[in-house]
Amino acid sequence: MSANDFSPLAPQAGSHVREVHDPLHGELLEVSMGPHHPSTHGVFRMIVTLDGERVMKLKPVFGYLHRNHEKIAENTTYLGSMPYTDRLDYLCSMTNNWAYAIAVEKLSGQPVPERAEYVRVILAEITRLLNHTCLAGFLMQDCGCSGTPLMYAFREREKILDLFESLSGSRMMCNYQRFGGCRVDPSADWLDGARKLTDNYGRFLDEFETLLTGNEIIMARTQGVGALSPELAINAGVTGPMLRATGVNYDLRKVDAYGVYSRFDFRVPLGAHGDVYDRYMIRVLEMRESIKILQQALATIPAGPIMDPKAKLRGFRPKAGEAYGRIEGPKGEIGFYLVSDGSPNPYRYRVRPPSFVNLTVLEDMCLGQTIADAVIILGSVDIVLGEVDR
Amino acid sequence: MLGTGLLKGLGVTAKNFVGSYHDPERYTTIEYPEVKPKLPEAYRNFPFLVTENAMDPMGTLRCVACQICEKECPPQCIYIEKSKDKKPDASGKMQIYPAIFDIDTSVCMSCQICVEVCPFDAIKMDQVFEIATTDRYDALLLRREQLAKPNSYYQSIHPTEAAEVDGRLAADRKAAEEKAKAAAAAKAAAAKAAAAAPAAEAPKTPPPAA
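Residues numbered from 1 in each chain as written. Chains lettered and ligands numbered in written order. Predicted model: local features only at pLDDT ≥ 70, side-chain atom pairs only at ≥ 80, totals over all residues. Heavy atoms only, no water.

### Quick word on the sheet that holds strand β2 (residues 78-88) of chain B
Residues and elements named next belong to chain B. The strand order across the open sheet built from 3 strands is β2-β3-β5, with neighbouring strands paired in antiparallel fashion. In this open sheet, the two strands that pair with only one neighbour each are β2 and β5 (141-142). Relative to strand β3 (residues 94-104), β2 runs antiparallel, the two being bridged by 8 bridges. By the bridge assignment for β3, K87 is matched with Q95. (Pairing = 2+ DSSP bridges. Helix = DSSP H or I, 4+ residues; strand = E, 2+ residues; numbered from the N terminus.)

### Details of the nonpolar core
Residue and element names in this part refer to chain A. Counting residues in each nonpolar core, the largest one holds 118 residues, and the members touching the most others are I126 and L362. Two domains each put at least three residues into this core: domain 1 (23-61) and domain 2 (69-389). Here I126 is in contact with I160, L163, F164, W190, A194, L197 and L294, once residues within four sequence places are set aside. (Core = buried A, V, L, I, M, F, W, Y, C linked by side-chain atoms within 4.5 Å. Buried < 20%, exposed > 50% of the residue type's maximum accessible area, 1.4 Å probe, protein only. Domains from an automatic or database assignment. Contact = heavy atoms within 4.5 Å.)

### Concerning the state of the cysteines
All names here are of chain B. Summed over all chains, the structure comprises 0 disulfides over all chains. Free of any disulfide, C63 has its nearest neighbouring cysteine sulfur in C69, separated by 6.3 Å. Overall, the relative accessible area of 9% leaves C63 in the buried class. Of all cysteine sulfurs in the structure, the one in C66 sits closest to C118, which takes part in no disulfide; the separation is 6.0 Å. (Disulfide = S-S within 2.5 Å.)

### Here we look at the pairing of strand β1 (residues 45-51) of chain B
Residues and elements named next belong to chain B. Within β1, 7 of the 7 residues are buried, leaving the element largely enclosed by the surrounding structure. Sheet topology places β1 next to strand β4 (residues 123-126); 4 bridges connect them, and they run antiparallel. Along β4, the bridge assignment pairs P47 with M125. By the bridge criterion, 3 bridges tie β1 to strand β6 (residues 148-150) in an arrangement that is parallel. Opposite L49, over in β6, you have A148 as the bridge partner.

### Remarks on the environment of E34 of chain B
All names here are of chain B. Considering the arrangement of structural elements, one finds E34 in the loop between α1 (4-22) and β1. A relative accessible area of 63% places E34 in the exposed class. For the pair E34 and G167, spaced 133 residues apart in the sequence, the C-alpha separation amounts to 37 Å.

### Comments concerning unusual backbone geometry
Phi at D382 of chain A takes a positive value of approximately 70 degrees, unusual for a residue other than glycine. As for its position among the elements, D382 of chain A is in the loop between α14 (371-381) and α15 (385-389). Residues other than glycine seldom take positive phi values, yet Q112 of chain B does so here, at roughly 65 degrees. With respect to the element layout, Q112 of chain B can be found in the loop between β3 and α3 (113-117). You can call Q112 of chain B buried: its relative accessible area is 12%.

### Section: the domain arrangement of chain A
Residue and element names in this part refer to chain A. For chain A, the domain assignment lists domain 1 (23-61) and domain 2 (69-389). Each of domain 1 and domain 2 was reduced to a C-alpha centroid, and the two centroids are 29 Å apart. Listed by partner, the interface residues are 17 residues for domain 1 and 18 residues for domain 2. Between domain 1 and domain 2, roughly 1600 Å² of surface is buried when both sides are summed, and carbon and sulfur atoms account for 68% of that area. Between domain 1 and domain 2 we count 1 salt bridge in total. Taken together, the links from domain 1 to domain 2 amount to 5 residue pairs in polar contact (both at pLDDT 80 or more). Within the residue set of the side of domain 1 that touches domain 2, elements represented by two or more residues are β3 (45-51) and β4 (54-61). Counting residues per element, the side of domain 1 that touches domain 2 draws most heavily on β4, at 6 residues. (Buried area = accessible area lost by both parts, 1.4 Å probe. Salt bridge = Lys/Arg side-chain N within 4 Å of Asp/Glu carboxyl O. Polar contact = N/O pair within 3.5 Å; in protein donor to acceptor, adjacent residues only side chain to side chain.)

### Remarks on the sheet that holds β1 of chain B
Residues and elements named next belong to chain B. Taken in spatial order, the 3 strands make up an open sheet running β4-β1-β6, and their pairing is mixed. Strands at the two margins of the open sheet, each flanked by one partner only, are β4 and β6. Within this sheet the neighbouring strands show an average axis-to-axis angle of 55 degrees, counted without direction. (Axes fitted to C-alpha atoms, helices over the stretch in contact; angles between N-to-C directions.)

### A closer look at the interface of chain B and chain A
Taken together, the 29 residues of chain B in the interface contact 32 residues of chain A. Buried surface at the junction of chain B and chain A, summed over both partners, amounts to about 2600 Å²; 54% is from carbon and sulfur atoms. Taken as a group, E25, R44 and M109 of chain B account for 20% of the area that chain B buries against chain A, more than any other trio of residues on that side. For the pair chain B and chain A, the number of links is 3 salt bridges. A salt bridge links K15 of chain B to E207 of chain A; its shortest N-O distance comes to 3.9 Å.

### Let's talk about the packing of helix α5 (residues 148-168) of chain A against helix α6 (residues 188-212) of chain A
All names here are of chain A. Orientation of α5 relative to α6, taken along the N-to-C sense of each, is 170 degrees, at an axis distance of 11 Å. Accordingly, the angle class assigned to the pair α5 and α6 is roughly antiparallel. Note on element contacts: α6 touches α5 through W190, G193, A194, L197, Y201, F204, E207, F208, L211 and L212, opposite P149, Y152, A153, R155, E156, K159, I160, L163, S166 and L167. Class assignment of the residues belonging to the contact of α5 with α6 gives a composition of 14 nonpolar, 2 polar and 4 charged. (Parallel < 35°, antiparallel > 145°, perpendicular 65-115°, else oblique. Nonpolar A, V, L, I, M, F, W, Y, C, P; charged D, E, K, R; others polar.)

Here you go:
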């Protein structure tokens, strides 16, 4: 077997399944899963070599959704890239916006008013609820609970999207953050709506957990599957709930304490085994912490301006220099690295996408597992292909 | 006991099943084409051009073809050509107007950056979303005639925002008028003073203070 056998560019005669002869293991079967497989969360392709049902080798192939995001950003103004960051990860547009705004604010030394910082925290935590709820739903869909948990998750997601829509005008492509603040000041009605959502969310989580957490089938299906060791997770640069499920205490909200996170009292849940069940549990526990943060932030949000009056929208030219802005997105560390040469466009624009980096350990988690487990392991990584391929 | 988790979960699904018949918290879908969703005021979709007078939309476009939105549009879906002549705008000032103003809605991503950068409040976000068509090209390329919508329409879809914009525009117009009046008065006073100056040598009445 040569390396060429796995190249996505090698001619494969249109076959999705073929026999591979391996001198060590005998006759193996190579299956091309994706890019249009329903379990691959978009256009992701895994070339899996199987011995019976066991995965012997797994090569991820991606790039089917490559949209030249970084190069486009180098050819538009700083403001012009903001709506494109929505499209990186369509579940977490608010946190993508924030990470990009932080990078540009660092680059230009732009201060942010306090109310805007609070609004950003509120929106980021609502986004975390949204993302983790959807992930739990999709993961259960991958496990084979067809429909029910996913539909319950989407019902709650719809309430969050309604909030986003009434604030920013769009459900998913919010384009809400600006350099030096936020675009619209949330009204008292909107904040009441957010309070109502926060108060009701715990009840939904209780119900969701009754349905899933103690379920014997789910436990049998996910416990001990796709275990990731903390050493490997750290070496591979895995971040977010994936890393914390292995027991490593690393959360940028505590480490960097960006924004106003240092003012809120919350804990960082940690897993012990790093398997799929832990990754699911971490997300549920994180949602509970998010509710705590939301309650504190909504109770103490100060009045004041939402935009820095000196912030410039048009003709924005930061001094020559470089900056890296990062936040703890729902999927992990989302960062933007910018190099400015003093012109209206960034000289270099680079995204550090959490789901792309988290995906690099996929093969290590899948080796020796069955092909059905590979599907739920991929589901528990929490990828959005818009962000992986950019 | 093995199976309790399962049974509890079944209880949840049963609760949701029954609840979906009477509890609005659990029954959240609407029968879309028959029942229209209530859009929030902030909802935005493709941009449109504001005109002052619905009877003469092309003559009263607020847009002065400054081309700022064309430059700032991230996907570059706006195409503008300036007019050769000038027309009076709402406040009577002679302005250039857009001879061509096209928005390619197949490219537009409704980010509303054009709205934010427009210094004349001439382009605003619409709320029309049922624009599906079988033609990919011409039907999705909106000309200025299709884009122009009266200010009253803007007031009906974004009432709060429109009231603020109208207030600001009225204040600007008033300030401009007062400035023009003051300038005219100053001019008249200067002319009067100039006329009065030679006469001021002989008569005793002093010229009025300007």
